[in-house]
Amino acid sequence: MKVKKAAYTVLGFLFLGLGAVGTVLPILPTVPFLMLAAFCFGRSSEKLNSWFKGTKLYKNNLETFVRGEGMTMKTKLRIVCTVTVIMAIGFAMMSRVPVGRAVLAVVWVCHLLYFFLGVKTIEPQKAQIKE
């Protein structure tokens, strides 16, 4: 059991690092890595989970979403733009795989629908007041 918790801890810090780099590097997605970090820290220990939820990265990118309140338009656009660029690269590389391109196109459209119709948009002031 301790090996499993240690693996979650290591993965949590790996995803946290990637998420932190993603805040300054536009091609690397921030929110998905921070969500994975939250999952891993939640499975590793209560102490790490509490620490992670207290970080500015978590509060700025995930806290309102996890509470069910939604995301700011800036956060949504950052996620959508990053995923669009990454999926466009994959789409271009699959020039000889039309089925792969079709799957990527469907996933991209579902991604857009989810973020713009499924996730509530909140004002930036509401996101900062809760911090």
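Residues numbered from 1 in each chain as written. Predicted model: local features only at pLDDT ≥ 70, side-chain atom pairs only at ≥ 80, totals over all residues. Heavy atoms only, no water.

(A) Molecular detail of a nonpolar patch on the surface. A surface patch of nonpolar side chains, about 630 Å² in accessible area, is lined by Met73, Leu77, Trp108, Val109, Leu113, Phe116 and Leu117. The set of elements that each furnish at least two residues to the nonpolar patch consists of α6 (73–93) and α7 (98–118). Residue placement: leucine 117 occurs in helix α7. Leucine 117 gets classed as exposed once you look at its relative accessible area, which sits at 69%. (Patch = residues over 30% accessible without salt bridge, like charges linked within 9 Å, V, L, I, M, F, W, Y side chains within 5 Å. Areas by Shrake-Rupley, 256 points an atom, 1.4 Å probe, with all protein chains shown as cover. Salt bridge = Lys/Arg side-chain N within 4 Å of Asp/Glu carboxyl O. Helix = DSSP H or I, 4+ residues; strand = E, 2+ residues; numbered from the N terminus. Buried < 20%, exposed > 50% of the residue type's maximum accessible area, 1.4 Å probe, protein only.)

(B) A look at the pattern of salt bridges. Inspection of the entire model under this criterion finds 2 salt bridges. Between arginine 67 and glutamate 63 there is a salt bridge whose closest N-O contact spans 3.6 Å. Using a relative accessible area of 36% as the deciding quantity, one classes arginine 67 as partly exposed. A relative accessible area of 13% means that glutamate 63 is categorised as buried. Because the salt bridges share partners, they merge into one network encompassing Glu63, Arg67 and Glu69.

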